[in-house]
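A structural walkthrough
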Amino acid sequence: MTMELQILHMLQELHAEWLNPVMILLSALGNAGLIWIALSVVLAIPKRTRLCAFTMMGAMALSFLLGNIVIKNLVARPRPFAVDASVMLLIPQPGEYSFPSGHTLNGFTAATVIFLYYKKAGILALLFAGTIAFSRMYLFVHYPTDILAGMLLGIMDAVIMYFIVKMIIKKREERL
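To start, this report covers the structure provided alongside it.

What counts and how
- Residues numbered from 1 in each chain as written.
- Predicted model: local features only at pLDDT ≥ 70, side-chain atom pairs only at ≥ 80, totals over all residues.
- Heavy atoms only, no water.
- Helix = DSSP H or I, 4+ residues; strand = E, 2+ residues; numbered from the N terminus.
- Rg over C-alpha atoms; globule rule 2.2 N^0.38 Å.
- Buried < 20%, exposed > 50% of the residue type's maximum accessible area, 1.4 Å probe, protein only.
- Contact = heavy atoms within 4.5 Å.
- Areas by Shrake-Rupley, 256 points an atom, 1.4 Å probe, with all protein chains shown as cover.
- Lys, Arg positive; Asp, Glu negative; His and termini not counted.
- Charge placed at Lys NZ, Arg CZ, Asp CG, Glu CD.
- Patch = residues over 30% accessible without salt bridge, like charges linked within 9 Å, V, L, I, M, F, W, Y side chains within 5 Å.
- Salt bridge = Lys/Arg side-chain N within 4 Å of Asp/Glu carboxyl O.
- Axes fitted to C-alpha atoms, helices over the stretch in contact; angles between N-to-C directions.
- Parallel < 35°, antiparallel > 145°, perpendicular 65-115°, else oblique.
- Left-handed = near helix turned anticlockwise from the far one by under 90°.
- Nonpolar A, V, L, I, M, F, W, Y, C, P; charged D, E, K, R; others polar.

Take the overall build of the protein next. For the protein, the helix and strand inventory stands at eight helices and zero strands. Against the globule reference of 16 Å for 176 residues, the protein gives a C-alpha radius of gyration of 17 Å, in line with a compact fold. Oriented by its inertia axes, the alpha-carbon framework of the protein measures out at about 65 × 35 × 25 Å. A buried classification covers 45% of the 176 residues belonging to the protein. Counting only contacts in the protein whose residues sit at least 6 apart along the sequence, the fraction spanning at least 24 positions is 78%. As displayed, the protein has an accessible area near 9,600 Å², and 73% of this comes from carbon and sulfur atoms. Averaging the locations of the 14 positively and 9 negatively charged side chains of the protein gives two centres separated by 18 Å.

Right, let's talk about a positive patch on the surface for a bit. Taken together, K170, K171, R172 and R175 make up a surface patch of like positive charges. If you trace the backbone, R172 turns up in helix α8 (residues 144–175).

Further remarks concern the packing of helix α3 (residues 34–43) against helix α4 (residues 50–75). Packing of α3 against α4 brings their axes to within 7 Å, and their N-to-C directions diverge by 150°. By the angle class used here, α3 and α4 are roughly antiparallel. Here α3 runs over α4; the crossing is left-handed. Here W36, I37, L39, S40, V41 and L43 of α3 lie close against α4, whose contacting residues are R50, C52, A53, M56, M57 and M60. Of the residues contributing to the contact of α3 with α4, the split by class is 10 nonpolar, one polar and one charged.

For S135, the position within the fold is in helix α7 (residues 119–138). Ignoring any residue separated from it by four or fewer positions in sequence, one finds S135 in contact with M23, L26 and S27.

Function cannot be inferred from these measures alone, as they are strictly geometric.
Here you go:
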């Protein structure tokens, strides 16, 4: 058994009747990045948070393209439950490949953008993204390196988009 599977099996020992529905809910909140998309739409309403919202939307689009469309299909890593059927899943089997974790990628992309604009809210968003990421390992649908890759790629995409937006604003101001 690989070290990553050993870690996932250790996490299985944390399972408790009260914790299982919490982890299932956290994971569901991250499905398709909908919680983060909804948050970006809400942030687009007030003028003072609109720049953050549009940066989030752009960064999440970049993450979707790089992570879900390109990397997932290039790496084509089977999920833990496909490699080790000894663990009974608490959620329906996800259909995509495992690497990187899309839930983690979306969460860390959006949360990092929030952090770049609003430090305190960003810390809360990063903690929330981290709990969603943890739920994916708890539920035996992602390896630790899937989570790590999703975190790193999400942070990178957020920072790239943040600087692209800043550069566009600077060029626009120079023309005026």
